[in-house]
Structures are given as structure tokens and as C-alpha cells.
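Residue-level structure breakdown
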Amino acid sequence: VQLVESGGGLVQTGGSLRLSCAASGRTESSDIMGWFRQAPGKEREFVAAINWSGTFTEYASSVKGRCTSSTDNAKNTVYLQMNNLKPEDTAVYYCAAKAGDISRFPVRYDYWGQGTQVTVSS
């Protein structure tokens, strides 16, 4: 499974971005797609997760109400719509894939993309 993120960039506080994660080589081992972020000097943290059918989603409390994850199975792409962005959202955002159930723990994910930088200016 190969994952490629895109859509990051520089945005002002209150702005919006939509991140994309294109997945190739999907199998049952990549049914759960997670979004994580890592700011300089900090640990990688959970942002959101979704299954490919879109029936299950989970969000970190820090982004709940501001972020929405969705899937497009025809395009093998997962999205993370981020609204009302804050400077503390600045980080490299990664998508990841795993089998089984949704998890908030990075170590549970088997496949990772290269990341895309999101910078929110104040």
C-alpha cells in the first residue's frame, strides 16, 4: 500500500485547507485510514480516522467540529477538510493505513505517507 498526501500549504488563522491522501495497492490490510500530525519537537498525534466505507469516523478533541474526514472509493482517496484553522494546527500531516478497527495510536498503523506541511499564520 502506498499513500501520497497533498493539499498542505500556508493559510491564515481562520482559513481552511483540504488534505488528500491517495492510496494505491489497497487491500483488507488498509481498511482504516488515519490522519496524524507532528509539530517540531512534539510527538506524532492523532487527528482523525475513517474506514473506507465512511461508516465509522473518529476525531481528536482538538479538531472535533473543525475537521471532517471523508473517502472517495472511486478515486481511492481520503480527505481531511480542515476549517477555522489555528496556529496550533501547524504541523506536518500524515495519512496512514491499517487493518481492523480504528485506532488513535500511530504504532498500530502499518503504512504511512510522506507527509504534507500545514502552516497557519497568526
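With that settled, consider the state of the cysteines. Scanning all chains against the criterion turns up 1 disulfide. What pairs with C21 in a disulfide is C95, and their sulfur atoms sit 2.0 Å apart. Its S-S torsion of approximately 60° makes the covalent link between C21 and C95 right-handed. Placement of the pair is C21 in strand β3 (residues 17–24) and C95 in strand β9 (residues 91–98), with a sequence separation of 74 residues. The residues C21 and C95 share a single accessibility class, namely buried. Not engaged in a disulfide, the cysteine C67 finds its nearest cysteine sulfur in C95; these two sulfurs lie 15 Å apart. The exposure class of C67 is buried, given its relative accessible area of 6%.

Scanning the entire structure with this criterion turns up 5 aromatic pairs. Here F36 and W112 contribute two aromatic rings whose centre-to-centre distance is 5.2 Å and whose plane-to-plane angle is 50°, an arrangement assigned as tilted. With F36 in strand β4 (residues 32–38) and W112 in strand β10 (residues 111–112), this residue pair connects regions lying 76 residues apart in the sequence. We classify F36 as buried; its relative accessible area is 0%. A relative accessible area of 27% places W112 in the partly exposed class. Look at Y94 and W112: their rings are 6.3 Å apart centre to centre, the planes differ by 80°, and that puts the pair in the edge-to-face class.

What follows deals with the nonpolar core. In terms of nonpolar packing, the biggest core is built from 32 residues, with M33, W35, L80, M82 and Y93 touching the most fellow members. Mapped by element, the contributors of at least two residues to this core are β3, β4, β5 (45–51), β8 (77–82), β9 and β11 (116–121). Setting aside residues no more than four positions away along its own chain, L80 makes contact with L17, R18, L19, W35, V47, A48, C67, T68, S69 and Y93.

What counts and what doesn't
Residues numbered from 1 in each chain as written. Predicted model: local features only at pLDDT ≥ 70, side-chain atom pairs only at ≥ 80, totals over all residues. Heavy atoms only, no water. Disulfide = S-S within 2.5 Å. Helix = DSSP H or I, 4+ residues; strand = E, 2+ residues; numbered from the N terminus. Buried < 20%, exposed > 50% of the residue type's maximum accessible area, 1.4 Å probe, protein only. Phe/Tyr/Trp six-rings, centres within 6.5 Å; stacked < 30°, edge-to-face > 60°. Core = buried A, V, L, I, M, F, W, Y, C linked by side-chain atoms within 4.5 Å. Contact = heavy atoms within 4.5 Å.

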